[in-house]
Protein chains: 2
Amino acid sequence: MASLRTLYAADGNPPELRTNMNVDFVINYKISSDALVEAEAGFTQLIEALTKAGLASEVRRGVDHTSVLVFVKVASEKYLKSRIYRERVQDWLYGVRIKTPEKDVDKIFEEDPIVDAERLRLVYLLLTSPKNEGGAGITPETGQWKYVESIFLCTIMLSTGNGSSSGAFGEKVAFYFAFLQSYFSFLVFPAAFGFASWLILGQYSWLYALVNSLWSVVFFEYWKKKEQDLAVQWGVRGVSRIQLPRTEFQWDHEAADPMTGEAVKVYSAKKRLQTQLLQVPFAFVCLLILGALYLFCFSVEIFIGEIYNGPLKSYLTFLPTIILTGLVPTLSTILGNLAERLTEAENYETHDAHEAALTQKIFVVNFITSYTPLFLSAFVYMPFGNLLVPYLDVFKVTAEKISSSEKLTTQSFQINPDRLRTQIIYFTVTAQIVNFALEAVAPIVKRKVFKKVKEVQTEFAHKNEKGDVVPADAPEEAAFLARVRNEAELDVYDVATDYREMVVQFGYLSLFSAIWPLAPVSFLINNWVELRSDAMKIAISSQRPIPWRADSIGPWLNALGFLSWFGSLISSAIVFMFSGDSNGPRGEPSSISAWALLLTVLCSEHLYLAVQFAVRYGLKQMHSPGLHKERAERYQMRKNILAETLDNAVETKPLPDIPTGEKITRAALEEEARQASLRGHGTPEEAFWQRQQGMDETITIGRSLISKMAAANKTAKA
Amino acid sequence: MASLRTLYAADGNPPELRTNMNVDFVINYKISSDALVEAEAGFTQLIEALTKAGLASEVRRGVDHTSVLVFVKVASEKYLKSRIYRERVQDWLYGVRIKTPEKDVDKIFEEDPIVDAERLRLVYLLLTSPKNEGGAGITPETGQWKYVESIFLCTIMLSTGNGSSSGAFGEKVAFYFAFLQSYFSFLVFPAAFGFASWLILGQYSWLYALVNSLWSVVFFEYWKKKEQDLAVQWGVRGVSRIQLPRTEFQWDHEAADPMTGEAVKVYSAKKRLQTQLLQVPFAFVCLLILGALYLFCFSVEIFIGEIYNGPLKSYLTFLPTIILTGLVPTLSTILGNLAERLTEAENYETHDAHEAALTQKIFVVNFITSYTPLFLSAFVYMPFGNLLVPYLDVFKVTAEKISSSEKLTTQSFQINPDRLRTQIIYFTVTAQIVNFALEAVAPIVKRKVFKKVKEVQTEFAHKNEKGDVVPADAPEEAAFLARVRNEAELDVYDVATDYREMVVQFGYLSLFSAIWPLAPVSFLINNWVELRSDAMKIAISSQRPIPWRADSIGPWLNALGFLSWFGSLISSAIVFMFSGDSNGPRGEPSSISAWALLLTVLCSEHLYLAVQFAVRYGLKQMHSPGLHKERAERYQMRKNILAETLDNAVETKPLPDIPTGEKITRAALEEEARQASLRGHGTPEEAFWQRQQGMDETITIGRSLISKMAAANKTAKA
């Protein structure tokens, strides 16, 4: 993220970047010439809702003639402060903010001024949260707000940023970049070791697989610790405990909470469970569709590449690649949308629960699309190829029927020992380059083309009119408005896409890199570019993301843990099966001894678990600056409160004066007797505790008891 | 624990049970007739230390002539209240107590009176915590306090108990009984199923092993949840966060904490790690010694029972049992002491860390002593017996040498298919009965005998003297003092011993019960007795335990989890190996297909893990009254604080009045121009937000923009 600053600086700070006009958010409001009355009424409702939520608004011409832009900020500084104060108190109550909030509002904001991200988060909540919670309740593109196309932020100003990467784009995005940076640094080791392995040990090396697996444990456990440290450092630890309600949540009925008496929105857990169970058929459908597709292409590929020897072979070779390249992204998108709709139907109450459920499904889809080809090659084609090829005759018959004129020549089938390596090289090198092109280059090209088209259209429209119907922008705003209109057209930055890419890559590394030890080298190079292109993407080619807080990378952590563990099984199985000789697999399935394979996998897994246990224990013993800081702050807070409360409540030194006791004199005994008679001897309990008055009496009597009894013992012994 | 009340009631409430004389603790101070001066000086120091710590003391004659008893209570009610108030504020700061403590001390104790357990815990801390922390710093039987034999509590009074079992003996003990009760209830299911299996399926049943393993998952996960609920119900959730420093902790040096500036006691982590590493050789030594012993007895047993046919066979058969019965308990005790000393040397700072480390070692020792014989039988004797027996010739030769006169007759070796079952019956029935006898009956007998001996001794001593040298007890105290002298002789109740027994039993159930499905029936019966005998033990035949708090069963939970997981491996392996035919094992090792065994174990383990995951998820969805209550209380607390703070700090309705805007009239425009010129046009930002003043202007201008642009679009399209 350090590069962001230089990115902006390189722009030479042109006038439209110099100010945001104090605008917090921009609403892009679509104009429909077919339903003009409805659009106008909707606009009125929008401005009214904003005003009621305490927001000020200004309207300007939008992009071309198809929209107007509504600029939003908080109407009164006082209202902003009171809301932010409320947020900070809530943070304190949930343990996110450790320092007890001052009761004097002005003093608070002197000590801890409102930062950009805090304000923007609050305004976004005012825009989107339901009306009964004091918000405007705007849900873009749905229901009442169907003409609201988007709500977005103006790109960040250098002057307003507080300098830290976590502040500018929110901790949620900052966590992605911190993760990517850590992952990149950690990759140096397997890259170096992988390169050395490739030179010395060759492919399918036991040592490489072992080291790689141990590395993945260390990285995973390290990151879990690092994550906590960062959360403390950024002041967001425990922020996931504060759950944001989803405005889209549909409840069955409202009920009074039996304990608190608060009205709570209830959605039947049974209904949700029923919807959740749809995940099982969903996963099966994914597996079936993608599996069938891969199997089909795979068979065609084998048939054409290694058996078929007829006409057009050089063209037909590309057939499976064309089918896959055309269908897989389409299918992935369809399944991704299906996952989104399924999660929507599961109807979660909070944003985090919704996101976790969606991430899980997206992970399943990606797991299947990414790794199925390699699984098929490693566990079906290589060991059972010779047994399966006869079934490919169906293609032969089809091919013969189509080209019935001449006889097909076929060559005898030979398992291609390099197939796995070719595939892994494709996925770790070629696919990464293609992906980079799609992700970083394509949007820029697309936007340039679209812009050109729009310009031509607008020009055409202008020609048809006599002068512009809409008043021109004021000169001092023109540059700013032009920039905002540009930004309105940009894509929304979705950090999940970037996470997904890295998690899938981690999977290749953990599961399959033993096939080709240069894979981590390729990943290292790719991630060097990725770090920069992602920073570029977020800064320039996307709308600025809403600076959400987060205290971890969330559900992706589980995905990483799963891949790391699964890698211990798969990589050991692959190495065992193929490490025999470098020319090909160990042989026919019968010659691979099943029990040895199972024993290998079993040992590998348990070794993995044992190492994980040890690493976890070791890291726990290590000094953690973040947790240490948090503990120290908490301790200080406790000490302050304790001191304050105790000062108010009880004297600090209530220890009674030590009674020195009196010498047992006749006068004292008489006095005692008098006291006792006055008290009427009291209860047996009182009498018990009055027998020896004061420390000295107890000591005297005790010593005399001791010496008498010791003497008696001595006599008894003698 | 319900039986405790009836137990006491059955006593008919004799006079010595009617009052505790307000005594909190009793110190048993030994008298040494050989070092009389030292003993007397020590006594003086003791009383002075007590007084300085704010405690009142009374001294009385002790047991016979060998000790004096020092009775202790808090000297001043005010001091007690201030200390307890401090504890409660600390509880609140650590999140254990949810209600914010009142600032008015008297009001607090009206609402929440001091309970017995609270006071006793506090007094115990005053007695034992270091002097610089306001305590008396007494460490029985060590250093300065070597004549302090013990510090104990008088048994509980019905009148002072607050009725709940958690209150009377502390939550630490209450958790044991709650665990035992839950475990007992859960055992009903495997007992019933086991009985049915025994009737219908016979031994080594797949179905039984599967159901048993699933049951153990459900029980374990259920208990984890139950534990939390109980902790909330008893108001001790999170209490483990408040760590009690160990008085025995030895520090290298004091250093200032870099963050808080507090002086902290530092012990080198490296030194501790070095000591901790001794655990590895310790475990090996345990395994070696006990393993060798078992192997030796095992071989002797096989040799005598199944090969040897010579003279004295009927006597020699008992030889291994005699060796084991004699040596194993001794060895266990020695290893237990070693474990204690090792933990002592690891020098932990807090009680919990010390206890966790000790528990772990004790578990290892018990694991080895309890399960090694069965492991040997199942995985060495049964599969490899025929191969190993020839090595037993060494015994034959020895035996022949000893009884050189006549020729030994030997019978040919046959693996005894019932051996495993005989063993498991021994461990689940015979050993439990023996254990019960040792645990419940022996101490009573022992005490009776000891008492008789002492009485005779005292009588003898009296005869040698002319009358008693020590004044007799006051009549109103005599009954009470007699009772306390009796209690001084009782054993200390150690809940760890009882936990250990149950955890070992759970291990037999989880690992080996597939051998003999009646095992859970035997455990059910045993635990019915155990529940009662443990209650009896704690109430009558032991000193009352100090009512420590706890929020879980602590380190034993990990032991249970480990056994449950390990059971999925071992029981599946056993069933696989022996389920072939009911007459014996599947055959020679070669005939057991190794890969099938491994596959079985692998599948069983992963099935176990998957079920665990599902059960965990399912239980998480279920309603938990405890957690619900806690959440509700926390919510209420937050709401109160929020309301209070916000009331003080900012007005609750700071939303500005909605400006209605003015009609755009000539007058208004002129006024605006005047205002602008007065302000000197301001910054571009100000100008931007002043273009549309008020909601109505924004709406008017927006609507006009929309209709103009829509019209333009229509023309363009046409």
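Keep in mind it's a predicted model, so treat the numbers as computed, not measured. (Residues numbered from 1 in each chain as written. Chains lettered and ligands numbered in written order. Predicted model: local features only at pLDDT ≥ 70, side-chain atom pairs only at ≥ 80, totals over all residues. Heavy atoms only, no water.)

**Comments concerning the packing of helix H4 (residues 77–93) of chain A against helix H6 (residues 116–128) of chain A**
Residues and elements named next belong to chain A.
Reasoning step 1: Interaxial distance between H4 and H6 falls to 11 Å at its minimum, and their mutual angle equals 100°. By the criterion of interaxial angle, the relationship of H4 to H6 is roughly perpendicular. Residue-level inspection shows Tyr79, Leu80, Arg83, Ile84, Glu87 and Arg88 of H4 in contact with H6, the latter providing Glu118, Arg119, Leu122 and Leu126.
Reasoning step 2: The class makeup of the residues in the contact of H4 with H6 is five nonpolar, no polar and five charged. (Axes fitted to C-alpha atoms, helices over the stretch in contact; angles between N-to-C directions. Helix = DSSP H or I, 4+ residues; strand = E, 2+ residues; numbered from the N terminus. Parallel < 35°, antiparallel > 145°, perpendicular 65-115°, else oblique. Contact = heavy atoms within 4.5 Å. Nonpolar A, V, L, I, M, F, W, Y, C, P; charged D, E, K, R; others polar.)

**Thoughts on the nonpolar core**
Reasoning step 1: Ranked by internal contacts, the top residues of the largest apolar core, which has 98 residues, are Phe175(B), Tyr371(B), Tyr508(B), Phe512(B) and Ile553(B).
Reasoning step 2: With 14 residues, helix H20 (residues 556–578) of chain B is the single largest residue contributor to this core.
Reasoning step 3: When neighbours within four sequence positions are excluded, Ile553(B) is seen to be in contact with Phe175(B), Phe179(B), Trp223(B), Glu227(B), Tyr499(B) and Leu560(B).
Reasoning step 4: Core analysis: the second largest hydrophobic core is formed by 95 residues, Trp234(A), Leu293(A), Tyr294(A) and Leu531(A) among them. (Core = buried A, V, L, I, M, F, W, Y, C linked by side-chain atoms within 4.5 Å. Buried < 20%, exposed > 50% of the residue type's maximum accessible area, 1.4 Å probe, protein only.)

**Quick word on the pattern of salt bridges**
Residues and elements named next belong to chain A.
Reasoning step 1: All told, the structure shown has 34 salt bridges over all chains when counted by the stated rule.
Reasoning step 2: Residue Glu346 pairs with Lys361 through a salt bridge whose shortest N-O separation is 3.2 Å. You can see Glu346 sitting in helix H13 (residues 319–346) and its partner Lys361 sitting in helix H14 (residues 351–388), a full 15 residues away along the chain. Here Glu346 matches Lys361 in class, with each residue buried.
Reasoning step 3: When salt bridges that share partners are traced, they join Asp24, Asp116 and Arg119 into one network. (Salt bridge = Lys/Arg side-chain N within 4 Å of Asp/Glu carboxyl O.)

**A word on the packing of aromatic side chains**
Reasoning step 1: Scanning the model with the defined rule gives 87 aromatic pairs over all chains in all.
Reasoning step 2: A ring pair is formed by Phe562(A) and Trp565(A), whose centres lie 5.8 Å apart and whose planes are at 50°; its orientation type is tilted. In this pair, Phe562(A) and Trp565(A) are both assigned in helix H20 (residues 556–578), three residues apart and thus about one turn of the helix distant.
Reasoning step 3: Phe562(A) sits in the partly exposed class, given a relative accessible area of 33%.
Reasoning step 4: With centroids separated by 5.5 Å and ring planes inclined at 80°, the aromatic side chains of Tyr124(B) and Trp548(B) adopt a geometry described as edge-to-face. One end of the pair, Tyr124(B), is in helix H6 (residues 116–128); the other, Trp548(B), is in the loop between strand S8 (542–543) and H20, with 424 residues separating them in the sequence.
Reasoning step 5: Residue classification places Tyr124(B) among the buried residues on the basis of a relative accessible area of 17%. (Phe/Tyr/Trp six-rings, centres within 6.5 Å; stacked < 30°, edge-to-face > 60°.)

**What to know about the sheet that holds strand S3 (residues 67–74) of chain B**
Residues and elements named next belong to chain B.
Reasoning step 1: Here we have four strands laid out as an open sheet, ordered S2-S3-S1-S4, and antiparallel in their pairing. Only two strands of the sheet have a single partner each, and these edge strands are strand S2 (55–61) and strand S4 (148–153). Pairs of neighbouring strands in the sheet enclose a mean axial angle of 25°, with direction left out of account.
Reasoning step 2: Here strand S1 (residues 25–30) pairs with S3 via six bridges, running antiparallel. What sits directly across from Tyr29, in S3, is Val68.
Reasoning step 3: Sheet contacts for helix H17 (residues 475–488): S1, S2, S3 and S4; angle to S3, the most-contacted strand, approximately 105°. (Pairing = 2+ DSSP bridges.)

**Concerning unusual backbone geometry**
Residue and element names in this part refer to chain B.
Reasoning step 1: Positive phi outside glycine occurs at Asn22, with the angle close to 60°.
Reasoning step 2: Mapped onto the elements, Asn22 comes out in the loop between helix H2 (15–18) and S1.
Reasoning step 3: Here the phi dihedral of Glu141 falls at roughly 65°; this positive angle occurs in a residue that is not glycine.
Reasoning step 4: Along the chain, Glu141 turns up in the loop between H6 and S4.

**Some points on the confidence of the model for chain A**
All names here are of chain A.
Reasoning step 1: In the predicted model, chain A carries a mean pLDDT of 79, and 81% of its residues have values of at least 70.
Reasoning step 2: Across residues 158–164, where pLDDT falls below 50, the model places six contacts with residues more than four positions away in sequence or in other chains.
Reasoning step 3: In the predicted assembly, ipTM is 0.71 and pTM is 0.77. (pLDDT = per-residue confidence, 0-100.)

**Overview of a nonpolar patch on the surface**
Residues and elements named next belong to chain A.
Reasoning step 1: A contiguous nonpolar patch, built from Phe195, Trp198, Leu199, Ile200, Leu201 and Leu207 and spanning about 630 Å² of accessible area, is present on the exposed surface.
Reasoning step 2: For the nonpolar patch, the element with the highest residue contribution is helix H8 (residues 171–200), accounting for four residues.
Reasoning step 3: Along the polypeptide, Leu207 turns up in helix H9 (residues 206–233). (Patch = residues over 30% accessible without salt bridge, like charges linked within 9 Å, V, L, I, M, F, W, Y side chains within 5 Å. Areas by Shrake-Rupley, 256 points an atom, 1.4 Å probe, with all protein chains shown as cover.)

**Concerning the UniProt feature "transmembrane region" (unreviewed entry) in chain A**
All names here are of chain A.
Reasoning step 1: As recorded in UniProt, the feature "transmembrane region" (unreviewed entry) lies at residues 173–200, 206–223, 280–304, 316–338, 363–384, 424–445, 556–580 and 592–615.
Reasoning step 2: Between the C-alpha atoms that bound residues 206–223 the distance is 26 Å, and the span itself is 100% helix and 0% strand.
Reasoning step 3: Helix makes up 100% of residues 363–384 and strand 0%, whereas the separation of the span's terminal C-alpha atoms amounts to 29 Å. (UniProt positions renumbered as here; feature names shortened; annotations may be inferred.)

**Section: empty space enclosed by the protein**
Residues and elements named next belong to chain A.
Reasoning step 1: Taken as a whole and assessed by the stated rule, the structure comprises four cavities of 30 Å³ or more.
Reasoning step 2: Estimates place the volume of the largest cavity at around 110 Å³.
Reasoning step 3: Along its surface, the largest cavity is lined by Arg88, Arg97, Lys99, Thr100, Pro101, Glu102, Ile108, Glu111 and Asp112.
Reasoning step 4: In the lining of the largest cavity, the residues fall into two nonpolar, one polar and six charged. (1 Å grid on protein atoms, 1.4 Å probe; cavity = no way out; pocket = protein on both sides within 12 Å on 5 of 7 lines; lining within 4 Å. Points joined across faces, edges and corners; volume = space filled by probe spheres on them.)

**Some words on H14(A)**
Reasoning step 1: With 38 residues, H14(A) extends only 48 Å from end C-alpha to end C-alpha; this falls clearly short of the ideal 56 Å at 1.5 Å per step.
Reasoning step 2: At Tyr381(A), H14(A) shows its largest kink, close to 55°, and the proline Pro383(A) lies no more than four residues downstream. (Expected span 1.5 Å × (residues − 1). Bend = angle between axes of the 7 residues up to and from the residue.)

**Comments concerning the sheet that holds strand S2 (residues 55–61) of chain A**
Strand-to-strand pairing in sheets goes through backbone hydrogen bonds, with the strands running parallel or antiparallel.
Residues and elements named next belong to chain A.
Reasoning step 1: Across the sheet, four strands lie side by side as S2-S3-S1-S4; this open sheet has antiparallel pairing. The open sheet terminates on both sides in strands that have one partner only, identified here as S2 and strand S4 (148–153). Averaged over all pairs of adjacent strands, the angle between their axes in this sheet comes to 25°, without regard to strand direction.
Reasoning step 2: Pairing geometry for S2 and strand S3 (residues 67–74), over seven bridges, is antiparallel. Note on S3: the bridge partner recorded for Glu58 is Phe71.

**A few points about the packing of helix H9 (residues 206–233) of chain B against helix H18 (residues 495–512) of chain B**
All names here are of chain B.
Reasoning step 1: Orientation of H9 relative to H18, taken along the N-to-C sense of each, is 140°, at an axis distance of 9 Å. In terms of orientation, H9 lies oblique with respect to H18. Residue-level contacts link Tyr208, Asn212, Trp215, Ser216 and Phe219 of H9 to Phe506, Leu509 and Ser510 of H18.
Reasoning step 2: Classifying every residue of the contact of H9 with H18 by side-chain character gives five nonpolar, three polar and no charged.

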